[in-house]
Amino acid sequence: MDLGNAKCWDTSKKDSWKTLLILAYQSLGVVYGDLSTSPLYVYKSTFAEDIRHSETNEEIFGVLSFVFWTLTLIPLFKYVFVVLRADDNGEGGTFALYSLICRHVKVSLLPNRQIADEAVSTYKMEHPPEKKNSKIINYLEKHKCLHTALLILVLLGTCMVIGDGLLTPAISVFSAVSGLELSMSKEHHQYAVIPITCFILVCLFALQHYGTHRVGLYFAPIVLTWLLCISALGLYNIIHWNPHVYQALSPYYMFKFLKKTRKGGWMSLGGTLLCITGSEAMFADLGHFNYAAIQIAFTFLVYPALILAYMGQAAYLSQHHDNSHHIGFYISVPETLRIPVLVIAILASVVGSQAIISGTFSIINQSQSLGCFPKVKVIHTSDEIHGQIYIPEVNWILMILCIAVTIGFRDTKHMGNASGLAVMTVMLVTTILTSLVIILYWQKPPILALAFLLFFGSVELLYFSASLTKFTDGAWLPILLALFLMTIMFVWHYATIKKYEYDLHNKVSLDWLLALGPSLGIARVPGIGLVFTDLTSGIPANFSRFVTNLPAFHRILVFVCVKSVPVPYVPPAERYLVGRVGPPSHRSYRCIVRYGYRDVHQDVNSFESELVARLADFLNYDWCKRNRANSFTEDDASRSNESTSECRLAVIGTMAFPNTPAYEIEETVQPASVSCGFSTVESISDVIEMEPVNVVQRRVRFVINDEPETEMDLQLKEELEDLLAAQQAGTAFILGHSHVQAKQGSSLLKKLAINIGYNFLSKNCRGPDVALKVPPVSLLEVGMVYVV
């Protein structure tokens, strides 16, 4: 839910009350739009079918008691005081919890993990995982089936968030517009509400490509006005109709309600749970604000306003039993204020819908980064605010489905049943993952995590079971949608891993690459060749196929691996991991480009220019390092030229290389060298050269000294000149165009998943050339058949 209008990076400002209050105010329009509009439809959904409002008021007081304690236990106690603290470098959401677990326990199914990733500054591990709970950690790492189960759990939560992104705009806008029923005749009302709702939804989705930053300024005032409005209406109804309604807040009324209504009361809880719709946004949007700002906004404004709104409605209904078939929000609004309140409600529902739509874009982008979703086009909508994105295909599919739900269901009851099941599933997933974080990340005793799981899990299971009873009355929709999306995501993830394993087993040795030359009829042509691969080491099979069919490759050869790291963001200064492939004379390099699960890969205008600039940085750094380490001795210099292995990778970031002697660069930059094993699938040992992050802003140019003093300076000048000439000659992007098929003897299910499912998805989604903004004239595709 990436609508943040600001992000508090300066820690000194975080301590300022003024800044906290500003952030809390801004969070109203981003975080609480959905939660604040729930009074529009909670009572109407609860009393839709299973229970009736009687003269004794036991039903309405029992529902009020359930609403009060549900709001208190789930959003206030669970999220504000516990879950919000389980942040990942300030980020929240399902993937943040999964990322924390994967960093502390080796349960990730992504195969290209490296020890070098742990040196990223956002990959912080406050507690060594081996200190406590080692038995639980060993058990989780040992059983591979638990890794798959954890991923399926995360995908289930992700799919239900997407389902909520489909259902929330429909029910919010429909409930707001349905207030017209009190001002129109029944004949006119049924022909007006649906078209008006659909028109608002079309406008809402049609404006998505402009980005929320252009209208975000008005979000917070709208939600603030709405919260003050429902608070005032609640106070008025309490004082005017039933000042003693506060007695219904006692838990006794919950038991009294269930005792009287029995099965009907339990089934009606599927409507009551809608009072916490949107609570997950507090955690999902944590990265755009901070813990204190969200805590202040909810505790001191949103929570009291919602309680007053529900109490006010209950107070009014406790004195009006004659029109129980009209139970809803607008019936408790004084007639003279209904039109202004209707307008504010529609605006607030649009704000809440906007938040969940943007949240859907965000979580799909995160799923892409973990290799769990087909590639779709992701567009930045703001140059200033990171994370505000727009996905065209998803936007229009959501719009069509949203309108279909509105026209198909036509009432709040069915929409509420569907939305309630989706919301409760997401909360259950969050509870389970948070329990694991309590053990693995916070390293608390397992009994504490079990208590958290049993207490909040039992409450949520009660509501979840009530939602499941509404399967035929609308709850089937999120289940069907989740099954469909999970099938797509799991098939894509499974095939992606199988493709990586195929590349791993069919990679070519470095000696084969170094042997390519004129003696074998292979020519080196001018220009830069960027060979894209998923491998973090070794020569990919698609390059050998390329050379076999076209016996030539470029003078500058770069093997590029774009990979994801289980952190929310990778700082730009630590994004590029660059090294040599073979001796310097071969002019071959490896570049690993690392992104976090919240990073958008299209974050540079020209990937080619950025990559060449990083190579220039690396060459200056590498030769300066060699010059200093080898003390200008001829023997060491010749030895560096004879190296034939991938022996050095460096994190190249925002560095400036002035035209100064090498020893001054060394004293200024002071790189720290750490030898460690490369824990990839290949188990290749390597050397990681880490650059400090807090360095001067990069002003990369080709630093070519006109008066070289040593042989190494001559070699550096020659290599930089070759790189400059190659860039001027042009860049070719060499990408694999793959077709995957199941090997003979595979099961029918695997053949259906790979031969039909994955290949259909790969042909109908965006290719990697779109994500990298590759000019069509520079694209070279190598056909590959993967037998997995």
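Residues numbered from 1 in each chain as written. Predicted model: local features only at pLDDT ≥ 70, side-chain atom pairs only at ≥ 80, totals over all residues. Heavy atoms only, no water.

Undergrad: Just checking my understanding: could you explain unusual backbone geometry for this structure?
TA: For residues besides glycine, phi is generally negative; the peptide bonds are generally trans as well. Despite not being glycine, Arg-262 has its phi angle at roughly 55°, a positive value. Summarising the element assignment, Arg-262 is placed in the loop between helix H11 (252–261) and helix H12 (263–272). Judged by relative accessible area, which is 62%, Arg-262 ranks as exposed. Here the phi dihedral of Arg-587 falls at roughly 60°; this positive angle occurs in a residue that is not glycine. (Helix = DSSP H or I, 4+ residues; strand = E, 2+ residues; numbered from the N terminus. Buried < 20%, exposed > 50% of the residue type's maximum accessible area, 1.4 Å probe, protein only.)

Undergrad: Help me out: how do you make sense of the environment of Pro-478 in this one?
TA: The residue Pro-478 is located in helix H19 (residues 476–505) in this model. The spatial distance from the C-alpha of Pro-478 to the C-alpha of Ser-419 is 7.6 Å, given a sequence separation of 59 residues. Those residues in contact with Pro-478 that lie beyond four places of it in its chain are Met-160, Ala-418, Leu-421 and Ala-422. (Contact = heavy atoms within 4.5 Å.)

Undergrad: Explanation requested: a nonpolar patch on the surface in the structure shown.
TA: Among the surface-exposed residues, Ile-432, Ile-447, Leu-448, Leu-450, Leu-453 and Leu-454 lie close enough to one another that they form a single nonpolar patch of about 520 Å² accessible area. No other element matches helix H18 (residues 446–468), which puts 5 residues into the nonpolar patch. As for its position among the elements, Leu-453 is in helix H18. (Patch = residues over 30% accessible without salt bridge, like charges linked within 9 Å, V, L, I, M, F, W, Y side chains within 5 Å. Areas by Shrake-Rupley, 256 points an atom, 1.4 Å probe, with all protein chains shown as cover. Salt bridge = Lys/Arg side-chain N within 4 Å of Asp/Glu carboxyl O.)

Undergrad: Got a minute to help me understand the pairing of strand S10 (residues 731–741) in this structure?
TA: Remark: a regular strand shows side chains that alternate across the two faces of the sheet. Bridge count between strand S3 (residues 523–532) and S10: 4 bridges; the pairing is parallel. Looking at the pairing, Leu-530 lines up with Phe-733 of S10. One ladder, built from 9 bridges, connects S10 with strand S11 (residues 779–787); its direction is parallel. Among the inter-strand pairings, Gly-736 is bridged to a residue of S11, identified as Val-782. (Pairing = 2+ DSSP bridges.)

Undergrad: I'm lost on the confidence of the model for the protein chain in this one. Help?
TA: Residue-level pLDDT values for the protein chain average 81, and 84% of them are 70 or greater. With pLDDT under 50 throughout, residues 632–645 is counted as low confidence; its partners more than four residues away or in other chains account for 21 contacts. Confidence drops under a pLDDT of 50 for residues 655–703, and excluding neighbours within four residues, the segment shows 115 contacts in the predicted structure. (pLDDT = per-residue confidence, 0-100.)

Undergrad: How should I be thinking about the packing of aromatic side chains in this particular structure?
TA: Given two aromatic rings, one states the distance between the centres and the angle between the planes to describe the pair. Applying the stated criterion across every chain yields a total of 22 aromatic pairs. Look at Trp-512 and Phe-543: their rings are 6.4 Å apart centre to centre, the planes differ by 85°, and that puts the pair in the edge-to-face class. Pair noted here: Trp-512 is in helix H20 (residues 510–515) and Phe-543 is in helix H21 (residues 541–549), with a separation of 31 residues, a long-range link. A relative accessible area of 0% places Phe-543 in the buried class. (Phe/Tyr/Trp six-rings, centres within 6.5 Å; stacked < 30°, edge-to-face > 60°.)

Undergrad: Got a minute to help me understand the packing of H19 against helix H26 (residues 748–763) in this structure?
TA: Packed helices, taken two at a time, are described by their axes: the angle between them and the distance between them. At a minimum axis separation of 10 Å, H19 and H26 run at an interaxial angle of 95°. Relative to H26, the element H19 lies roughly perpendicular. Contact with H19, carried on its side by Ile-488, Val-491, Trp-492, Tyr-494, Ala-495 and Lys-499, involves Lys-750, Ala-753, Ile-754, Gly-757, Tyr-758, Leu-761 and Ser-762 of H26 and no other residues of that element. Partitioning the contact of H19 with H26 into residue classes produces 9 nonpolar, 2 polar and 2 charged. (Axes fitted to C-alpha atoms, helices over the stretch in contact; angles between N-to-C directions. Parallel < 35°, antiparallel > 145°, perpendicular 65-115°, else oblique. Nonpolar A, V, L, I, M, F, W, Y, C, P; charged D, E, K, R; others polar.)

Undergrad: Would you mind going over the packing of helix H8 (residues 144–177) against helix H15 (residues 338–369) with me for this structure?
TA: As a packed pair, H8 and H15 sit with axes 9 Å apart at the nearest point and diverge in direction by 170°. In terms of orientation, H8 lies roughly antiparallel with respect to H15. The handedness of the crossing between H8 and H15 comes out as left-handed. Packed against H8, whose contacting residues are Thr-158, Val-161, Ile-162, Asp-164, Gly-165, Thr-168, Pro-169, Ser-172, Val-173, Ala-176 and Val-177, the element H15 presents Leu-342, Ala-345, Ile-346, Ser-349, Ser-353, Ile-356, Ile-357, Thr-360, Ile-363, Ile-364 and Ser-367 at the interface. A class-by-class count of the residues in the contact of H8 with H15 yields 13 nonpolar, 8 polar and 1 charged. (Left-handed = near helix turned anticlockwise from the far one by under 90°.)

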